[in-house]
Amino acid sequence: MTALLPGSSRPRPLRGRPDLHTSYAAEMALLNTPGKRRGVAALAVAGALLALALTDDWLVILARGCALAIGAIGLNLVTGYAGQVSLGHAFFVGVGAYTASALSGDPADGALIGLGVRDMALWLPAAGAVAGLAGLLVAPIATRLRGLYLAIVTLGLVFLGEHVFREWTALTGGVGVGRPGPAPQLLGWRFAEGSALLTGAQQTYLVLFALLCLFALGGRNLARSDVGRAFAAVRDRDIAASIIGVDLRRTKLAAFTVSSFYAGVCGALLYVVTPYVEPGSFNLNLSVQFIAMVLIGGVATISGSIMGALFLATLLRVTQEIIPRLLPFIDTAPRRDTLLTTTQLETILYGLLIVVFLIAEPRGLYGIWVRIRNYWKGWPFSY
Amino acid sequence: MTADPVLVVEDVRLDFSGVRALDGVSFAVGPRDLFAVIGPNGAGKTSIFNVVSGVYRPQQGSVRFLGDDLVGVRPDVIARRGVGRTFQNIELFANLTVIDNLLLGRHQHLRYGVGAAVAWSGRARRAELANRAAVEDIVDFLEIEQYRRSPVGLLPYGVQKRVELGRALAMEPKLLLLDEPVAGMNLEETEDMARFLLDIRDELDIPMILVEHDMGLVMDLADRVLVLDFGRPIAVGPPTEVQRHPDVLRAYLGEEHGAQRDVRASALATAADRPPSEVRP
């Protein structure tokens, strides 16, 4: 109606009618209601302000959570949106971590591969691209296999990767030795070193938070695009998808490539936060952690991936530091009177959380958020 | 038929390790044709659709669509050449909204890459807006305005059938294959669907092949009918001719009763499943 009013060239939304759109552009916008726009802006500001509000050790954990969230978005794109169960995510994370480390490594070091490309603007896209390429090479298998069979093949990938990372000492430094992670330097700014205004941890967190926002936006755009719809079509009914013109091979290829790109970026960023890359880190346990993030956060949602990753990253701190202090029979290293090590406790917790969420709230943390939102939408009425 | 046929199926044979699903099936569909395929359960009606849309590959015979051979071509390529299809059991993407399902029908018209999608570049945005507008025409045509943003899985059965027709129409097909479009529908829904089918033929000029068990609908709407029995074509022609064909009556009503159909048709319709010896007088 507003479009008909004289003098209004651009229709404005009516007050109190957030879902009434007067153009396709307004309807299809990413944040298509005032509530969403305000909410996301508030979240972004709050996320940035956390850098000032929290202590450095918490910021390191949150920075790690941001990196993990990028990886979880990647896994959610291929497993949640496109329905291709992948247990091989840890492998692509490893490829990204080593690509970035090797690129930014010191060329003078005789023992380790290093190309001296120290800027993040170069090694970060390269880490994603190489991992994406690895995904592209693996994808043809996915176009021929489904469900459990695909899961088993991608599981094999993790073991292959673990072996290569262990043996290729010129790249990885070998078991127990490792190598330094990529240089924390963005367009000449060494953000890991503190400045007069902020500490190194604060700056690192801000950089990773900004990157998470960027990659989340990219993931969300992909999900709402035609490519994302094709992912969902392949997931829900692949034969019907092909009969309406969706090329299954191309779609799965795209899903694996994008997912691996995100995993590669995640790998590179993880070792900006934790400065040492251990070749044993890219094991099945890491893949399971990513699956836990996706399931706990919410399958086929970008915001859920972020929530799941941040939740697990914080949980890690609780299990490693707080629980051993409270319960004497749990310790980081096995001693005579320890019942469980923290690693074992984590594994048990992941399993338990996955089971609890699958039974109680299959839509994950995202589903809990939807319930809260719907409650307040109708408040004070129950529906 | 005066103009060149859109689809020519010639002498198609399809075997599933010993079971002959289709045996020497030939027919042609012209522009603006509403061609129906009927036959008892298991006669091979849906198999014909699966051959035409590339899900099955026949052992023998040819399928020519607008001059191109379709045998051995991938389903998605056949779809892009202009064959749209609906399914007997609804094959919609249940988690997606009506609009998203219809937009997926337009997948072939949205050719931008992953990069453009991630960056939501001008190209992707323009393509999405243009196709959203195109989909609205179908929403309007099929009168499903109130369901636009509902996930398809939550909609009633009759509406889902309509959305599936819409998804096939969104492809802008040059030939439409409709597998039992009114199966399980009540009278009103069936009449609505019949109206849509006639509108598709008259307004959109799309030739259709219809597989249907509702004989009233087939006889009222179809220009020509092909009757299959155990994979063999037993009659082709206008509905009035096919209805009187002795082989057709035998296939539907049982052995040897073609001649006495008027007397015994109602009794035999219920007895058709029994062996012939039991129904002999």
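Conventions and cut-offs
Residues numbered from 1 in each chain as written. Chains lettered and ligands numbered in written order. Predicted model: local features only at pLDDT ≥ 70, side-chain atom pairs only at ≥ 80, totals over all residues. Heavy atoms only, no water. Helix = DSSP H or I, 4+ residues; strand = E, 2+ residues; numbered from the N terminus. Buried < 20%, exposed > 50% of the residue type's maximum accessible area, 1.4 Å probe, protein only. Contact = heavy atoms within 4.5 Å. Domains from an automatic or database assignment. Buried area = accessible area lost by both parts, 1.4 Å probe. Salt bridge = Lys/Arg side-chain N within 4 Å of Asp/Glu carboxyl O. Polar contact = N/O pair within 3.5 Å; in protein donor to acceptor, adjacent residues only side chain to side chain. Phe/Tyr/Trp six-rings, centres within 6.5 Å; stacked < 30°, edge-to-face > 60°. Lys NZ or Arg CZ within 6 Å of the ring centre and 35° of its normal. Patch = residues over 30% accessible without salt bridge, like charges linked within 9 Å, V, L, I, M, F, W, Y side chains within 5 Å. Areas by Shrake-Rupley, 256 points an atom, 1.4 Å probe, with all protein chains shown as cover. Lys, Arg positive; Asp, Glu negative; His and termini not counted. Charge placed at Lys NZ, Arg CZ, Asp CG, Glu CD. Pairing = 2+ DSSP bridges.

Draft legend 1. Looking closely at the side chain of Gln289(A). Residue and element names in this part refer to chain A. Structurally, the position occupied by Gln-289 is in helix 12 (residues 284–297). For Gln-289, a relative accessible area of 10% gives the class buried. If we skip the residues at most four places from it in the chain, Gln-289 touches Leu-312 and Tyr-350.

Draft legend 2. Representation of the domain arrangement of chain B. Residues and elements named next belong to chain B. Splitting chain B by domain gives domain 1 (1–82 + 173–281) and domain 2 (93–171). Carbon and sulfur atoms make up 69% of the area that domain 1 and domain 2 hide from each other, which totals about 1,400 Å². For the domain 1 face of the interface with domain 2, the top three residues by lost area are Arg-80, Pro-173 and Phe-196, together amounting to 34%. Here domain 1 is connected to domain 2 by two salt bridges. Residue Arg-195 is joined to Glu-143 by a salt bridge in which the shortest nitrogen-to-oxygen separation is 3.5 Å. At the boundary of domain 1 with domain 2, the tally comes to three residue pairs in polar contact (both at pLDDT 80 or more). Mapped by element, the contributors of at least two residues to the side of domain 1 that touches domain 2 are helix 2 (75–81), strand 7 (175–179) and helix 7 (187–204).

Draft legend 3. The packing of aromatic side chains, seen in detail. One pass over the full model with this rule turns up 13 aromatic pairs over all chains. Both rings, one in Phe165(A) and one in Phe282(A), keep their centres 5.6 Å apart while their planes meet at 65°; by these two values the pair is edge-to-face. Of this pair, Phe165(A) sits in helix 6 (residues 147–167) while Phe282(A) sits in the loop between strand 2 (276–277) and helix 12, placing them 117 residues apart in sequence. On the basis of relative accessible area, Phe165(A) is assigned to the buried category, the value being 5%. When the centroid spacing of 5.2 Å and the interplanar angle of 85° are considered together, the rings of Phe215(A) and Tyr262(A) count as edge-to-face. On the criterion of sequence distance, the pair formed by Phe215(A) in helix 8 (residues 200–224) and Tyr262(A) in helix 11 (residues 248–273) is long-range, its members being 47 residues apart. A single burial state applies to Phe215(A) and to Tyr262(A), both of which are buried. Taken together, the ring pairs in this structure connect Phe91(A), Phe92(A), Tyr98(A), Phe165(A), Tyr271(A) and Phe282(A) into an aromatic cluster. Seen from the ring of Trp120(B), Arg224(A) lies directly overhead, with NZ or CZ sitting 3.7 Å from the centre. When the ring centre of Phe196(B) is taken as origin, the NZ or CZ atom of Arg195(B), which lies over that ring, is 5.2 Å away.

Draft legend 4. Examining a positive patch on the surface more closely. Positive charge collects at one region of the surface, where Lys36(A), Arg220(A), Arg373(A), Lys377(A) and Arg149(B) lie side by side. With respect to the helices, strands and loops of the structure, Arg373(A) is situated in helix 15 (residues 364–378).

Draft legend 5. Representation of the sheet that holds strand 5 (residues 68–69) of chain B in the model. Residues and elements named next belong to chain B. Within the open sheet, the four strands sit side by side as 2-1-4-5. Their pairing is antiparallel. Edge positions in the open sheet fall to strand 2 (19–29) and strand 5, since each of these has one partner strand only. Pairing between strand 1 (residues 7–16) and strand 2: seven bridges, direction antiparallel. Opposite Phe-16, over in strand 2, you have Val-19 as the bridge partner.

Draft legend 6. Just a nonpolar patch on the surface, in detail. A cluster of nonpolar residues, Ile368(A), Trp369(A), Ile372(A), Tyr375(A), Trp376(A) and Trp379(A), forms a patch on the protein surface that exposes about 680 Å² of accessible area. Counting through the fold element by element, Trp379(A) comes out in the segment after helix 15.

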